[in-house]
Amino acid sequence: MPKMQLKVNGSKHDLDLEPNVTLLDALRERLGLVGTKNGCDYGQCGACTVLIDGQRALSCLALAMMHADVEITTIEGIAPNGSLHPLQQAFIEHDAFQCGFCTPGQIVSAIGLLNEGHAHTDEEIRDAMSGNLCRCGAYSNILAAVRQEVRRAGV
Amino acid sequence: MQAFDLLTPTNIRDAVKLMAETKDAAFIAGGTNVVDLMKCGVTAPSTLVDITHLPLASIESDARRIRIGALARNSDVAHHPAIVENFPMLSQAFLAGASPQLRNMATVGGNILQRTRCPYFRDPAAACNKRHEGDGCDAFEGFHRMHAILGTSDACIATHPSDAAVALVALDATLEIQSASGSREVSLEEFYSLPGETPSVENDLKPGELIVAIDVPLGRAHRHSTYLKVRDRASYEFALVSVAAGLEFDGDRIDEARIALGGVGTIPWRARGAEEALVGTSGDSAYEKAAEIALNHAVPRRDNAFKVELAKRAIVRALETVRRGQ
C-alpha cells in the first residue's frame, strides 16, 4: 500500500492507505480520533467537519491521500489537554446540545466561522452554521453559544 | 467506495496527457461531487487524476474581464473584492449554494460540471436515462416537485443544480479548455447540452479535456445585478427557482438586460427573449411581460406546475431589486 503522512493536531502520522480511504475514515479507523463523527457519509450533515489549514471542510468527501501537505485539526486538537476551547465552554453554558452526536462538528464548524469572520448578525450566524444539522433541534442554543463567541472575539 | 488508482500530476500538460492515456479516468479537485457519486455507486472511475497541484486557482482582473482559475474555491470567488464589486450576482450565487464547508472545498470548474441532484439519477436501483440511456425515467411518474419545466425532453426532466453557473451564463462567461492537442474557448451558454434523446451527454467537454479557467467580461449590467434564490429552507438547499438578473439603465430606460434562471431548467437557463423585451422600456410594468416571455415554453408536470408562477414572480422581484439598487 502507498505510504503517506498526515499532519493532525500538530502531530505527524505515517500511514499506509489505499486511495479510496476518506480523511474521515483515516482519522477514525486508523488514528483512533473518533471525536469526528460519521453522520451521513455523503456530505450532507456536517458531523464530520474538520479544519484543513484552518478552513472548515467535510472529511467524509475528502480523500486522505490528497491531504498530505496540509494541517488538519479535529475536535481533539482545538484546545490543550485538560482545558476547554472557549466555544466548548460556550456550548456547555448555553446547553447547546442534547444527544451530542453533532456537537464536535458544530464546534469545529463554528471555529471555522470565527476564522472566516463573515458572520456577525443572528441571521448571518444561522446561515453560516446551516451546514451542520442537529436532529435533536438544539439550534437556538447552538446559535446562542456561537453568538457569544462571535461577540467575544469581536469578528 | 470501490478501489481506484490516484495519480497526482503537477502540471497541466501531464494532467491532460494522463487523462487521455488512462481508461475510465476522471479528474478530481474538491471531490464534493465525484466522491459523493462514487459512494452512491453512480460513477466508478478506475483512476482519479488529482488536479489540485496544478497552478489554476488564481483570480486575475484586467480592463475588460476577470479570469477565474478553474481550481479557485467557491468561497474564495464569493468573497473576492473584484467579484463582489463587478459581479454581485455571482458572489451572491456562490454564497447561496451548498454550505460553508462545501464551498471551502468545491472548485469553480467542478461547480460548472456538477451532476444533477435528481434522486432517481443518484439511486442506481431507479430507472434513469441519464445514468444509462434507454432505461427510462422514474421521475416522470415519481416525485418530480424539484424537476425542470424548461428544456425538458421525453427522456429527462432533471434540473441542473448549480447556482453559480446560472449567474455565469447570465454574465456571458467563456470557458478556457485545454487538452493534449491544444486549447479552445467556448461560451458557457453553448457549452451545456439539452437532454434531448441523449441526457447522458450534458456538455461539450470531450474526453481528455480540462477546464482551466472561466473568463467573465466586465459590464454595467453585470455590476448592477442580483441573484435571487427561492427554496424550501432559508439556507443549504437547492433552488426551486432562482434568478440571476442584471440591468443597465440610460436614465429611466433599460439599455441592457441579463436574465438567467436556475432550478427550472435542464441546463442553466438564459432567458434571452425576456432580456430583449426589457431593452428600451422604462418602468416596472415591463418586468411582468418579460417574465411571461421567459416562461412561455414551460412544460410543467403534476408536482412542479407551481414553478411557472413562482419563476415569473421571482423574475419580477429580482428586476425590482436591481432597479432599486442601481
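Residues numbered from 1 in each chain as written. Chains lettered and ligands numbered in written order. Predicted model: local features only at pLDDT ≥ 70, side-chain atom pairs only at ≥ 80, totals over all residues.

Attention now goes to the overall build of chain B. Within chain B, the secondary structure is distributed over 14 helices and 12 strands. Rg of the C-alpha trace for chain B: 19 Å, near the compact-globule value of 20 Å for 326 residues, within the 12% margin. In terms of its C-alpha atoms, chain B occupies a principal-axis envelope of roughly 60 × 50 × 35 Å. Put simply, chain B has 326 residues, and 53% of those count as buried. For chain B, contacts bridging at least 24 residues in sequence account for 63% of all contacts bridging at least 6. (Helix = DSSP H or I, 4+ residues; strand = E, 2+ residues; numbered from the N terminus. Rg over C-alpha atoms; globule rule 2.2 N^0.38 Å. Buried ≥ 20, exposed ≤ 12 C-beta atoms within 10 Å, placed from the backbone. Contact = placed C-beta atoms within 7 Å.)

For the rest of this paragraph, the subject is the domain arrangement of chain A. All names here are of chain A. With domains assigned, chain A is organised as domain 1 (3-76) and domain 2 (86-153). The distance between the C-alpha centroids of domain 1 and domain 2 comes to 21 Å. On the side of domain 2, 13 residues touch domain 1, which itself brings 14 residues to the contact. Of all the secondary-structure elements, those providing two or more residues to the side of domain 1 that touches domain 2 are β3 (49-52) and β4 (55-58). Here the side of domain 1 that touches domain 2 takes three residues from β3, the largest share from any one element. (Domains from an automatic or database assignment.)

The next thing to look at is the interface of chain A and chain B. Contacts between chain A and chain B engage 23 residues on the former and 21 residues on the latter. Sorting the residues of the side of chain A that touches chain B by element identifies β4, α3 (103-116) and α4 (122-128) of chain A as the ones contributing at least two each. The element that contributes the greatest number of residues to the side of chain A that touches chain B is β4(A), accounting for four residues. In terms of residue class, the side of chain A that touches chain B is built from 10 nonpolar, nine polar and four charged. (Nonpolar A, V, L, I, M, F, W, Y, C, P; charged D, E, K, R; others polar.)

Our next topic: the pairing of strand β2 (residues 25-28) of chain B. Residues and elements named next belong to chain B. Pairing between β2 and strand β3 (residues 47-50): four bridges, direction parallel. By the bridge assignment, Phe-27 is partnered in β3 with Val-49. Handedness of the crossover is the feature at issue here: the chain leaves β2, passes through helix α2 (residues 34-40), returns alongside β3, and the resulting connection is right-handed. (Pairing = 2+ DSSP bridges. Right-handed = clockwise from strand over helix to strand, strands pointing away.)

Helix packing for two helices is described by the angle between their axes and how far apart those axes are. Residues and elements named next belong to chain A. It is the contact of helix α2 (residues 86-93) with α3, at a shortest axis distance of 10 Å, that shows an interaxial angle of 125°. Taken together, α2 and α3 sit at an angle that is classed as oblique. Note on packing geometry: the crossing formed by α2 with α3 is right-handed. Each of Leu-87, Gln-88 and Phe-91 in α2 lies in contact with α3, whose residues at this interface are Thr-103, Ile-107, Ala-110 and Ile-111. Split by residue class, the contact of α2 with α3 holds five nonpolar, two polar and no charged. (Axes fitted to C-alpha atoms, helices over the stretch in contact; angles between N-to-C directions. Parallel < 35°, antiparallel > 145°, perpendicular 65-115°, else oblique. Left-handed = near helix turned anticlockwise from the far one by under 90°.)

Partitioning chain B into domains gives domain 1 (5-53) and domain 2 (221-325). Relative placement of domain 1 of chain B and domain 2 of chain B: their C-alpha centres are 36 Å apart.

Along helix α13 (residues 285-294) of chain B, the positions that sit buried rather than exposed are Tyr287(B), Ala290(B), Ala291(B), Ile293(B) and Ala294(B). Taken down its axis, α13(B) places every buried residue within 160° of arc, on the same side. (Arc of directions from axis to C-beta.)

It is worth spelling out the pairing of strand β9 (residues 225-230) of chain B at this point. Residues and elements named next belong to chain B. Taken across its six residues, β9 has five buried, putting it largely inside the fold. Pairing of β9 with strand β10 (residues 241-250), which is carried by six bridges, proceeds in the antiparallel orientation. In the sheet register, Lys-229 faces β10, and the bridge partner there is Ser-242.

We now examine unusual backbone geometry. All names here are of chain A. In this model, Asn-9 sits at a positive phi of 50°, which is unusual for a non-glycine residue. For Asn-9, the position within the fold is in the loop between β1 (3-8) and β2 (11-16). Accessibility expressed as a C-beta count within 10 Å gives 18 for Asn-9, which makes it partly exposed. In this structure, Asp-53 is a non-glycine residue whose phi angle is positive, near 50°. Mapped onto the elements of the fold, Asp-53 is located in the loop between β3 and β4. What makes Asp-53 partly exposed here is the crowd of 13 C-beta atoms within 10 Å.

Attention now moves to the confidence of the model for chain B. For chain B, the mean per-residue pLDDT works out to 97, and 100% of the residues sit at or above 70. Two numbers describe this predicted complex: its pTM, 0.98, and its ipTM, 0.98. (pLDDT = per-residue confidence, 0-100.)

Hydrogen bonds between backbone groups are what pair the strands of a sheet, and the pairing can be parallel or antiparallel. All names here are of chain B. On the basis of which strands lie adjacent, the open sheet formed by four strands has the order β9-β10-β11-β12 and antiparallel pairing. The sheet terminates laterally at β9 and β12 (269-270), the two strands that pair on one side only. In the sheet, strand β11 (residues 253-262) pairs with β12 via two bridges, with the strands oriented antiparallel. Bridge pairing in β12 links Ala-260 to Arg-270. Across the face of the sheet, helix α5 (residues 88-96) comes into contact with β9 and β10 while running at roughly 25° to β9. Together, β9, β10 and β11 form the strand contacts of helix α14 (residues 306-325), whose direction differs from that of β10 by roughly 35°.

Next up on the list: the sheet that holds strand β8 (residues 210-217) of chain B. Residues and elements named next belong to chain B. Strands sit in the order β4-β5-β8-β6-β7 across an open sheet of five strands; the sheet is antiparallel. Unpaired on one side and paired on the other, β4 (59-61) and β7 (182-187) mark the two borders of the sheet. When strand polarity is set aside, the average angle formed by the axes of neighbouring strands in this sheet is 20°. Bridge count between strand β5 (residues 65-69) and β8: five bridges; the pairing is antiparallel. Its bridge partner lying in β8, Arg-67 is registered against Asp-215. Against the sheet, helix α1 (residues 12-21) engages β6 (174-179) and β8, with an angle of about 125° to β8.

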